[in-house]
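Structure at a glance
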Number of protein chains: 4
Amino acid sequence: MPASPVTYTFLGPEGTFTEAALMQVPGAAEATRVPASNVNAALDKVRDGSAGAAMVPIENSVEGGVTATLDAIASGQELRIIREVLVPISFVLVARPGVAISDIRRISTHGHAWAQCRLWVENNIPSAEYVPGSSTAAAAVGLLEQDAHYDAAICAPIVAQEQPGLSVLAENIGDNPGAVTRFVLVGRPGVLPERTGADKTTVVVPLPEDRPGALMEILDQFATRGVNLSRIESRPTGQYLGHYFFSIDADGHVGDARVADALAGLHRISPATRFLGSYGRADAQSAYIAPHTSDEAFRAAHEWVGAILQGEPIPSESVSGASPTA
Amino acid sequence: MPASPVTYTFLGPEGTFTEAALMQVPGAAEATRVPASNVNAALDKVRDGSAGAAMVPIENSVEGGVTATLDAIASGQELRIIREVLVPISFVLVARPGVAISDIRRISTHGHAWAQCRLWVENNIPSAEYVPGSSTAAAAVGLLEQDAHYDAAICAPIVAQEQPGLSVLAENIGDNPGAVTRFVLVGRPGVLPERTGADKTTVVVPLPEDRPGALMEILDQFATRGVNLSRIESRPTGQYLGHYFFSIDADGHVGDARVADALAGLHRISPATRFLGSYGRADAQSAYIAPHTSDEAFRAAHEWVGAILQGEPIPSESVSGASPTA
Amino acid sequence: MPASPVTYTFLGPEGTFTEAALMQVPGAAEATRVPASNVNAALDKVRDGSAGAAMVPIENSVEGGVTATLDAIASGQELRIIREVLVPISFVLVARPGVAISDIRRISTHGHAWAQCRLWVENNIPSAEYVPGSSTAAAAVGLLEQDAHYDAAICAPIVAQEQPGLSVLAENIGDNPGAVTRFVLVGRPGVLPERTGADKTTVVVPLPEDRPGALMEILDQFATRGVNLSRIESRPTGQYLGHYFFSIDADGHVGDARVADALAGLHRISPATRFLGSYGRADAQSAYIAPHTSDEAFRAAHEWVGAILQGEPIPSESVSGASPTA
Amino acid sequence: MPASPVTYTFLGPEGTFTEAALMQVPGAAEATRVPASNVNAALDKVRDGSAGAAMVPIENSVEGGVTATLDAIASGQELRIIREVLVPISFVLVARPGVAISDIRRISTHGHAWAQCRLWVENNIPSAEYVPGSSTAAAAVGLLEQDAHYDAAICAPIVAQEQPGLSVLAENIGDNPGAVTRFVLVGRPGVLPERTGADKTTVVVPLPEDRPGALMEILDQFATRGVNLSRIESRPTGQYLGHYFFSIDADGHVGDARVADALAGLHRISPATRFLGSYGRADAQSAYIAPHTSDEAFRAAHEWVGAILQGEPIPSESVSGASPTA
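These figures come from a predicted structure and were not determined experimentally. (Residues numbered from 1 in each chain as written. Chains lettered and ligands numbered in written order. Predicted model: local features only at pLDDT ≥ 70, side-chain atom pairs only at ≥ 80, totals over all residues. Heavy atoms only, no water.)

**Considering the overall build of chain A**
Helix and strand content of chain A: 9 helices and 15 strands. If one aligns the C-alpha atoms of chain A with their principal axes, the spans along those axes are about 100 × 40 × 35 Å. Across chain A, contacts joining residues at least 24 apart in sequence account for 74% of those joining residues at least 6 apart. Here chain A has roughly 12400 Å² of accessible surface; of this, 52% comes from carbon and sulfur atoms. Chain A carries 22 positive and 36 negative side-chain charges, and their two centres are separated by 2 Å. (Helix = DSSP H or I, 4+ residues; strand = E, 2+ residues; numbered from the N terminus. Contact = heavy atoms within 4.5 Å. Areas by Shrake-Rupley, 256 points an atom, 1.4 Å probe, with all protein chains shown as cover. Lys, Arg positive; Asp, Glu negative; His and termini not counted. Charge placed at Lys NZ, Arg CZ, Asp CG, Glu CD.)

Next up, the structure:
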């Protein structure tokens, strides 16, 4: 954890799920919280020191990776994920008082929210037209403006609670009741969060183009050290079709020998590999570690090779029972 | 190719890059072309028979996979990709006549287009505010409306040409001059496009959860048959975090023995694997095929195993020079 | 099983462990049994039709593969292993009546037997000199000759029992009490032994030299089909240092789809691969078969690809819950 | 190299190809050379200090691995291979003066030599009977004894030259004219031979039994570091059928980072792995090293991970061109 940041920023505006995620961080409720208009702006506040850390969404169980975050964190000055937060997602339909569902002809919300409520809308307001909004909160607040050119908005329950001028017409309208979004708190490089025994490590690995099978080589770096992957997403580098980088979450902390060894392997294969942080898992579930990938196994192997290089004799078991020397 | 579809549909409105892609299909210029309001609507027209085929975007060199298409084609009644089209992407800034760049305060366009012109906007109109639009064409046409609440739009050059009421303030404002979008023409299952010798096969493979290392197993099905992958994207199934399917483009045609064999392997590992089509590559570049993955090698191997199962003697080379029988 | 061979041959002379192995074959006790002077001679009798099948040793738990057999069966006219037999190995020390252990100065036996009793000899008759013998039985019988130039022999207990002129000075003198030798009954290609559900398949695979990593590719053919290997031995082809073939025992029968598919893969990688037979395991232990490598999984995959090639629609599960079509 | 050993031992007797191999070692011609009766005896002289190093055969291009050496070096007190020597093998047929080929009825030689001349004998003296000999030299010298019970011997040309009582009846009678045997000079652990740039490393790796696929895991340790294998041989541990260790020669020196890293991986998977030495190749051919497996790549990867663990910022390239931060 960074040394008590005075100021947090987050993907705004206020009232989004991102602010709800930030509120879960110990101390954030009492700290200064500054909304940013987009993910890049939030991360830039961290980079330039005007904020200590930024809360941004990184992955949605329905809509997938948040590409703006995946891309923004993968380039520019290095940053570190220092915490992850999971927030269950539910949506409400809001309108100005007096408006009934049957009156609604145009609905605004963020594209991701629209995608997650599409079935409900098709079944309940099939003729509704979609008006893109820059965020769920902005769409809701926009209803209060004089010249609003839509009749309803889809937003988080918290927004509706805080805006007295809005009435809730329907709750839990998301098509997937178990939807959850994963947020990450991002700071500048510094002291790593300590090992908790249930950690995650995030890296960005550009796919080397100079040889086929590079993706399997990358995955193999984890597999041969018994490091499980909980997320892998491909993203275009933007240079041309078919040029990718991979954003990967692996079980474990870089302080674990098997993870450190896997990262070294990645760096050899793809030298522009970027380390995005090791941090405690939100679900606190620890991974199974096979004996041959334990810290102890790595330490013993390191010592053994060291002794060989020093020319020292090594007391080792016989491997053949056929020809013991009397 | 489907037998001369009378009607094509495409992700509308008219004037987008998608219609430009459709116009590259032989015969499309003379055929009926019906815009659809979203990818699902376009595909549904094909599914219900009201259109013979639909042109939709699937991948952008800057913004990545078009998730609406990837998801829509992966579920519901089966469809087939029968052709791919590549369209270079360039953007223009348009406004109503008389408006100068220095007058602009709010710009509307589709989110993907905004992301691709962000640097140009930051450098040239740093104070501009973004107004989300449902498409680049809709944003441009919207400028002509009475109550337009933005001053400029970012769209394709073709839209500006066809709308006399718009003036072009800047051309080629995309941050990445080589940007290209890949579109696919989607029809109902039927006769497969013929092998051209430079083909692609697209599949959707849900990641089996019952065993670790499943992704490597999936990739290995291609690797052991010498089948190269040109695209791999992860998408959430929407059920919960960490539950993925992979959308994959592989070199070759299912009529190639090595591809058919790889697909059979995928089906065993992940029985819900979905075949989305084999079709000629837009770039017509044929892949290298190692001798041991040629159709001939598969045929010979099949015959050899068949002879063994029939109990037939097999004339084969001696593998040891040590002990030939006189 | 071959249709009731009238005549069996075996690696002689009579009284060796090989004859004991042959006696375990149903009907062999009543059949004609002809000893052969070496493995090649035994196999040639099968090849020229003068014997229906030959019993030869293939692997010893202490001394390893029997190279003469591995090489002889890997070259020349094709043969088939149709049965395996395991024989526990124990050794006795024999001499002419009246000779005591303290009298012994020179001991003869086959080289493999000598290696397996070396510790016992070092501890009990440390000054004994080794006289190579062509077989354990020949060494024992040779003691009865007038001009025998050694005092004792190491042989199978059965030889001592059948030779009234020999006395047993020590029993169970093998250094490894659990030693066992595996023998195989070899016939001409013909009807395959039926699947028992607990089978083995033996193949000989020359290592292709035209690309690195070929051994891993070979092993991968088994691994990707879930076929376990119970034996793998390298043998030089005799052409030059570093040029190998591998003799491999795999779990399962070529009539199992996963084994047939693995063999087809081997044939592609190494076209001179030789099939040496599928036969019931001596220990009758059946292997675990993962669902995705079952005959049913292969059949379903084959049908699925067939339907694709025919252009038939395929009812398959949706893999994405995100965007079902209403 | 051990510090100038005063005494060498070798697999005797004198006059074998092993002594010829020893004579190629600089200084050996002037040093004390003591023959040993078998490989274990030779290695024991090194272990107890009565010899500085032992020359023993390890691999024959026709007959394969010398199992006595492979087993003896794999168990007991640790030893180190410090040099390899290749000796072309050719055979002559010798007899006492006055004996013609047509007179020969029984031929003695070592079993390996017999196997390598079998075709010549079948074609030229088809009725000859084989009498096992403990070595090629012993068989030849034995002809001079009063009670020799065979008429001819197969041995190295050098033996015939040094024994005036023998006449050469035929030369170059080996079935494989390019036959070569590889010998190794074995010493006690100590200072490693220096890197030459064209080195070999020999290890003994017991196959772990607690998980399937262990052999592929072992091979993968080399493959993922780009370390090529020039020899791999399976040997039974002698404990029971199917329990193996592997004797492996890998390209490179343990002083090479990629080899050291591969050895550490082997030690984790199979902790009883035994290091048998790094030494210059007899053929002085250096291996190709891919950039990502160079010492420099390992060093850079190590530093990178070290900086991460220290919490230092790491200047690294952006991997995404999509969203550079201005």
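**Observations regarding helix α8 (residues 214-223) of chain D**
Across the 10 residues that make up α8(D), a large majority, 8, are buried. Listing the buried residues of α8(D) in full gives D:Ala214, D:Leu215, D:Met216, D:Ile218, D:Leu219, D:Asp220, D:Gln221 and D:Phe222. (Buried < 20%, exposed > 50% of the residue type's maximum accessible area, 1.4 Å probe, protein only.)

**So, the domain arrangement of chain A**
Residues and elements named next belong to chain A. In terms of domain boundaries, chain A breaks down into domain 1 (1-89 + 180-190), domain 2 (92-171) and domain 3 (192-311). Computed from C-alpha coordinates alone, the two centres of domain 1 and domain 3 are separated by 24 Å. Counting residues at the interface gives 22 residues for domain 1, matched by 20 residues for domain 3. Interface area for domain 1 against domain 3, summed over the two sides, is near 1700 Å², with a carbon-plus-sulfur share of 51%. Contact with domain 3 buries area across many residues of domain 1, yet Leu70, Ile81 and Glu84 alone supply 30% of it, more than any other trio. The partner of Glu84 in a salt bridge is Lys200, with the nearest N and O atoms 2.9 Å apart. Breaking the side of domain 1 that touches domain 3 down by element, the ones donating at least two residues are β3 (53-60), α3 (67-74) and β5 (80-88). (Domains from an automatic or database assignment. Buried area = accessible area lost by both parts, 1.4 Å probe. Salt bridge = Lys/Arg side-chain N within 4 Å of Asp/Glu carboxyl O.)

**Observations regarding the nonpolar core**
Among the nonpolar cores identified, the biggest contains 58 residues, and C:Leu263 and D:Leu263 are the most heavily contacted of them. Beyond its immediate sequence surroundings of up to four residues, C:Leu263 is in contact with B:Trp304, B:Val305, C:Val203, C:Val254 and C:Phe275. (Core = buried A, V, L, I, M, F, W, Y, C linked by side-chain atoms within 4.5 Å.)

**Some points on the sheet that holds strand β7 (residues 106-109) of chain A**
Residue and element names in this part refer to chain A. Taken in spatial order, the 5 strands of this open sheet run β8-β7-β9-β6-β10, and their pairing is mixed. Two strands lie at the open edges of the sheet, namely β8 (129-132) and β10 (167-171), each paired on one side alone. The average undirected angle you get between the axes of adjacent strands in this sheet is 30 degrees. As paired strands, β7 and strand β9 (residues 152-155) are joined by 2 bridges and run parallel to one another. Across the sheet, Ser108 pairs through a bridge with Ala153, a residue of β9. (Pairing = 2+ DSSP bridges. Axes fitted to C-alpha atoms, helices over the stretch in contact; angles between N-to-C directions.)

**Section: the packing of aromatic side chains**
All names here are of chain A. Applying the stated rule across the entire model yields 12 aromatic pairs over all chains. Between Tyr244 and Phe246, the ring centres sit 6.3 Å apart and the planes meet at 45 degrees, which makes this aromatic pair tilted. With respect to class, Tyr244 is no different from Phe246; both count as buried. (Phe/Tyr/Trp six-rings, centres within 6.5 Å; stacked < 30°, edge-to-face > 60°.)

**Here's the deal with the confidence of the model for chain A**
Of all residues in chain A, 92% attain a pLDDT of 70 or more, and the chain-wide mean is 87. Model confidence for the complex: the whole-complex pTM is 0.84, and ipTM, which rates the interface, is 0.83. (pLDDT = per-residue confidence, 0-100.)

**Observations concerning the environment of A:Arg118**
Positionally, A:Arg118 belongs in helix α4 (residues 111-124). A C-alpha to C-alpha distance of 29 Å links A:Arg118 and A:Ala282, two positions 164 residues apart in sequence.

**Thoughts on the pattern of salt bridges**
When the charged atoms of two side chains with opposite charge come close together, those side chains can pair. A full pass over the atoms with the stated rule returns 80 salt bridges over all chains. Across the pair B:Arg281 and B:Asp251 runs a salt bridge whose closest N-O atoms are separated by 2.9 Å. You can see B:Arg281 sitting in the loop between β15 (274-280) and α9 (295-309) and its partner B:Asp251 sitting in strand β14 (residues 244-251), a full 30 residues away along the chain. When sorted by exposure, B:Arg281 lands in the same class as B:Asp251, which is buried. C:Arg299 is the salt-bridge partner of C:Glu303, the closest N and O atoms lying 2.4 Å from each other. Of the two residues, C:Glu303 and C:Arg299 are both situated in helix α10 (residues 295-309); the distance of 4 residues between them amounts to about one turn of the helix. Each of A:Glu59, A:Glu84, A:Arg182, A:Lys200, A:Arg231, A:Glu233 and A:Asp249 takes part in one network of salt bridges that share partners.

**Structural notes on unusual backbone geometry**
With omega at 5 degrees, the peptide bond leading from C:Gly12 into C:Pro13 counts as cis. In this structure, C:Asn172 takes a positive phi of about 50 degrees despite not being glycine. Take C:Asn172: it is sitting in the loop between β10 (167-171) and β11 (180-187). Of note in this structure, D:Ala284 is not a glycine but carries a positive phi near 55 degrees. Along the chain, D:Ala284 turns up in the loop between β15 (274-280) and α10 (295-309).

**Considerations on the sheet that holds strand β12 (residues 199-206) of chain B**
Residue and element names in this part refer to chain B. Pairing within the open sheet is antiparallel, and its 4 strands lie in the order β13-β14-β12-β15. Looking at which strands have only one partner, the edges of the open sheet turn out to be β13 (229-236) and β15. Taking the axes of each pair of neighbouring strands and ignoring which way they run, one obtains an average angle of 15 degrees across the sheet.

**Let's talk about the side chain of D:Glu84**
Residue and element names in this part refer to chain D. Here Glu84 is to be found in strand β5 (residues 80-88). Within the structure, Glu84 has its side chain in polar contact with the side chain of Lys200 (distance 2.9 Å). At a separation of 2.8 Å, a polar atom in the side chain of Glu84 contacts the main-chain amide nitrogen of Ala282. Beyond its immediate sequence surroundings of up to four residues, Glu84 is in contact with Arg182, Phe183, Val184, Lys200, Tyr279, Gly280, Arg281 and Ala282. (Polar contact = N/O pair within 3.5 Å; in protein donor to acceptor, adjacent residues only side chain to side chain.)

**Details of a negative patch on the surface**
The grouping of A:Glu145, A:Asp147, B:Glu145 and B:Asp147 at the surface amounts to a negative patch. By secondary structure assignment, the location of A:Asp147 is in the loop between α5 (136-142) and β9. Overall, A:Asp147 belongs to the exposed group, its relative accessible area being 54%. (Patch = residues over 30% accessible without salt bridge, like charges linked within 9 Å, V, L, I, M, F, W, Y side chains within 5 Å.)

**Concerning the side chain of A:His267**
Within the secondary structure, A:His267 sits in helix α8 (residues 257-269). With relative accessibility at 12%, the residue A:His267 sits in the buried group. In this view, A:His267 contacts A:Thr273, D:Ala300, D:Ala301 and D:Trp304; residues no more than four positions away in its chain are not counted.

**Some words on helix α2 (residues 39-47) of chain C**
Note on helix geometry: an α-helix contains 3.6 residues per turn, so any two residues three or four positions apart are oriented the same way. Among the residues making up α2(C), those that are buried are C:Val39, C:Asn40, C:Ala42, C:Leu43, C:Val46 and C:Arg47. Down the axis of α2(C), the buried set is contained in an arc of 160 degrees. They therefore lie on one face. As for α2(C), its buried residues are in contact with β1 (7-11), β2 (32-36), β3 (53-60), α3 (67-74) and β11 of chain C together with α5 (118-124) of chain D. The opening residue of α2(C) is C:Asn38, an N-cap whose side-chain oxygen sits 3.1 Å from the backbone nitrogen of C:Asn40. One or two positions beyond α2(C), positive phi appears at C:Gly49, with a value near 85 degrees. (Arc of directions from axis to C-beta.)

**Concerning the pairing of strand β8 (residues 129-132) of chain B**
Residues and elements named next belong to chain B. Both strand β7 (residues 106-109) and β8 contribute to a ladder of 4 bridges, which runs parallel. Each bridged residue has a counterpart across the sheet, and for Arg106 the counterpart in β8 is Glu129. Regarding the hand of the β-α-β motif, the stretch spanning β7, helix α4 (residues 111-124) and β8 is right-handed. (Right-handed = clockwise from strand over helix to strand, strands pointing away.)

**Describing the packing of helix α2 (residues 39-47) of chain A against α3(A)**
Residues and elements named next belong to chain A. Here α2 crosses α3 at 30 degrees, and the two axes come no closer than 9 Å. The angle between α2 and α3 falls in the class roughly parallel. The handedness of the crossing between α2 and α3 comes out as right-handed. Residue-level inspection shows Val39, Asn40, Leu43 and Arg47 of α2 in contact with α3, the latter providing Ala68, Thr69, Ala72 and Ile73. Residues that form the contact of α2 with α3 fall into these classes: 5 nonpolar, 2 polar and 1 charged. (Parallel < 35°, antiparallel > 145°, perpendicular 65-115°, else oblique. Left-handed = near helix turned anticlockwise from the far one by under 90°. Nonpolar A, V, L, I, M, F, W, Y, C, P; charged D, E, K, R; others polar.)

**Section: the environment of A:Pro164**
Residue and element names in this part refer to chain A. Mapped onto the secondary structure, Pro164 falls in the loop between α6 (157-162) and β10. On the accessibility criterion, Pro164 (77% relative accessible area) is exposed. Considering only alpha carbons, one finds Pro164 and Pro97, 67 residues apart in sequence, at a separation of 9.7 Å.

**Thoughts on the state of the cysteines**
All names here are of chain C. For the coordinates displayed, the defined rule picks out 0 disulfides over all chains. Here Cys117 stays unpaired: no disulfide links it, and the sulfur of Cys155, its closest cysteine neighbor, is 10 Å away. Given a relative accessible area of 0%, Cys117 falls into the buried group. The exposure class assigned to Cys155 is buried, which follows from its relative accessible area of 0%. (Disulfide = S-S within 2.5 Å.)

**Considering the environment of D:Ile173**
Residues and elements named next belong to chain D. Summarising the element assignment, Ile173 is placed in the loop between β10 (167-171) and β11 (180-187). Each C-alpha atom of the pair Ile173 and Leu93 lies 7.4 Å from the other, and the pair is 80 residues apart in sequence. Apart from the residues within four sequence positions on either side, Ile173 is in contact with Phe91, Val92, Leu93, Cys117, Trp120 and Ile154.

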